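# Analysis of the macromolecular model
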Amino acid sequence: HVAGSKGKGSTCLLAEAILGAASERVGTFTSPHLESWCERLRIAGRQVDGSTLADAVEGVRPHVEALKAEDPDKAPTFFDATTATALLLFSRAQVSRVLLEVGLGGRLDSTNAVEPAVTCITQIELEHTDKLGDTLSAIAGEKAGIIKPSVPCIAGPLVPEARDVVAERARSVGAPLFALGGEISVERLEKSEWSRYGVGGDVAQAFVYRESAGFELATGLSVLGEHQTDNAAIAIAALRRLGHRTDDEWVEAVRLGLA
């Protein structure tokens, strides 16, 4: 379950690529879309087709209409219905993992109905201040609302004001926190260093991912932008918290997926 002001979608898609390389069947829900509503929903690395999406909408429709008839003032919103449609699609497709991007904020977002295996907060900036608050600490409080008791949380490069709020939320609910710049680090590699770290192939950039507990891997990444190495690190850290593969298996999946 991924919240943040920027980087949510990229983090989800990078995690999708890694899980796909590990032969997992993944459902991915992101928003908004650019051209087609179908873009929001992906199964096994592919955008769903219109007829499949329409069938799921029809599955959700009676429940939306019943709730609207019960109390028009509390009728499900467009995003409520979209989230329900996504979860129905993933259930029908029998996916093994779901990557769920928060729509707005986190605490009161439709997606926060789930019980995740791991949560991520990518970055926090001033955005949607009319709904989330006009300070970084207020916005951080809304994003941190996805952190659940005993569920590991991965935090990206947060400014101190936001980082303190996220850390306090994690502490208060007993959620293990792994922060970029703390328990997790990224070293971006110059191209002249790639071969020394065993990075080859047609990739756009390379970096070394490290955990303070001792795990390390060097990998290439197929997209440009220094920020994408941070997003990739968040994805790697989140997936490793699932704990169902060996270190060597994760290294192989990460390298294959991110390339």
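Up top is the structure.
Residues numbered from 1 in each chain as written. Predicted model: local features only at pLDDT ≥ 70, side-chain atom pairs only at ≥ 80, totals over all residues. Heavy atoms only, no water.

## Overview of the nonpolar core
Residues Ile18, Ile154, Phe207, Tyr209, Ile236, Leu239 and Leu258 are the most contacted members of the largest nonpolar core, which totals 33 residues. Counting only elements with at least two residues in this core, the list comes to helix H1 (8–21), strand S10 (205–211), strand S11 (216–221), helix H7 (226–240) and helix H8 (247–258). When sequence neighbours within four positions are dropped, the list of residues in contact with Phe207 reads Val186, Glu187, Arg188, Leu189, Leu217, Ala218, Thr219, Leu221, Thr229, Ala232, Ile236 and Leu258. Of all hydrophobic cores here, the second largest spans 20 residues; its members include Leu132, Ile139, Ala144 and Ala175. (Core = buried A, V, L, I, M, F, W, Y, C linked by side-chain atoms within 4.5 Å. Buried < 20%, exposed > 50% of the residue type's maximum accessible area, 1.4 Å probe, protein only. Helix = DSSP H or I, 4+ residues; strand = E, 2+ residues; numbered from the N terminus. Contact = heavy atoms within 4.5 Å.)

## Here's the deal with the packing of aromatic side chains
All chains considered together, the criterion is met by three aromatic pairs. Ring centres of Trp37 and Phe78 lie 5.9 Å apart, and the angle between their planes is 35°; this geometry places the pair in the tilted category. Taken together, the residues span a long stretch of sequence, with Trp37 in the loop between strand S2 (26–29) and strand S3 (41–43) and Phe78 in helix H3 (residues 78–93) at a distance of 41 residues. By relative accessible area, Phe78 is classed as exposed at 51%. Judged by centre distance (6.2 Å) and plane angle (65°), the ring pair of Tyr209 and Phe215 falls under edge-to-face. Overall, Tyr209 belongs to the buried group, its relative accessible area being 0%. The class of Phe215 is buried, set by a relative accessible area of 8%. The side chain of Arg241 reaches across the aromatic face of Phe178, ending 4.3 Å from its centre. The ring of Trp250 is capped by Arg245, whose NZ or CZ atom sits 6.0 Å from the centre of that ring. (Phe/Tyr/Trp six-rings, centres within 6.5 Å; stacked < 30°, edge-to-face > 60°. Lys NZ or Arg CZ within 6 Å of the ring centre and 35° of its normal.)

## Considering the sheet that holds strand S1 (residues 2–3)
Taken in spatial order, the four strands of this open sheet run S1-S6-S7-S8, and their pairing is parallel. Among the strands making up the open sheet, the edge pair consists of S1 and strand S8 (177–179). (Pairing = 2+ DSSP bridges.)

## A few points about the sheet that holds S3
If you walk across this open sheet you meet the four strands as S4-S3-S2-S5, and the pairing is mixed. Strand pairing shows two members of the sheet lacking a second neighbour, strand S4 (46–47) and strand S5 (97–100), which therefore form its edges. Strand direction decides the pairing type here: S3 and S4, joined by two bridges, are antiparallel. Of the residues in S4, the one forming a bridge with Arg42 is Gln47.

## A look at the layout of surface pockets
Roughly 330 Å³ of internal volume is contained in the largest pocket. His1, Val98, Leu99, Ala117 and Val118 are the residues nearest the centre of the largest pocket, which is lined by 20 residues in total. Within the residue set of the lining of the largest pocket, elements represented by two or more residues are H1, S5 and H7. A breakdown of the residues in the lining of the largest pocket according to their chemical character gives 16 nonpolar, two polar and two charged. (1 Å grid on protein atoms, 1.4 Å probe; cavity = no way out; pocket = protein on both sides within 12 Å on 5 of 7 lines; lining within 4 Å. Points joined across faces, edges and corners; volume = space filled by probe spheres on them. Nonpolar A, V, L, I, M, F, W, Y, C, P; charged D, E, K, R; others polar.)

## With respect to the environment of Ile43
By secondary structure assignment, the location of Ile43 is in strand S3. For Ile43, a relative accessible area of 15% puts it in the buried group. Along the backbone, Ile43 and Ala238 are 195 residues apart, and their C-alpha atoms lie at a distance of 19 Å. Residues in contact with Ile43, not counting those within four places in the same chain, are Arg25, Val26, Val48, Leu89, Phe90, Ala93 and Val95.

## With respect to the pattern of salt bridges
Oppositely charged side chains may form a pair once their charged atoms are brought near each other. Summed over the entire model, instances satisfying the criterion amount to 18 salt bridges. In this structure, Arg107 engages Glu142 in a salt bridge whose closest nitrogen and oxygen atoms are separated by 3.2 Å. Highlighted residues: Arg107 in the loop between S5 and strand S6 (119–121) and Glu142 in helix H5 (residues 136–143), separated in sequence by 35 residues. Exposure remark for Arg107: the relative accessible area of 45% places this residue in the partly exposed category. A relative accessible area of 15% places Glu142 in the buried class. Through salt bridges with shared partners, a single network forms among Glu211, Arg240, Arg241 and Asp247. (Salt bridge = Lys/Arg side-chain N within 4 Å of Asp/Glu carboxyl O.)

## Overview of the packing of H1 against H7
For the pair H1 and H7, interaxial distance at closest approach is 8 Å and the crossing angle is 55°. The orientation of H1 relative to H7 falls into the category oblique. H7 is crossed by H1, and the crossing has right-handed handedness. Seen from H1, the contacting residues are Ser10, Thr11, Leu14, Ala15, Ile18 and Leu19; seen from H7, they are Gln228, Asn231, Ala232, Ile234, Ala235, Ile236 and Leu239. Here the residues of the contact of H1 with H7 are counted per class, giving nine nonpolar, four polar and no charged. (Axes fitted to C-alpha atoms, helices over the stretch in contact; angles between N-to-C directions. Parallel < 35°, antiparallel > 145°, perpendicular 65-115°, else oblique. Left-handed = near helix turned anticlockwise from the far one by under 90°.)

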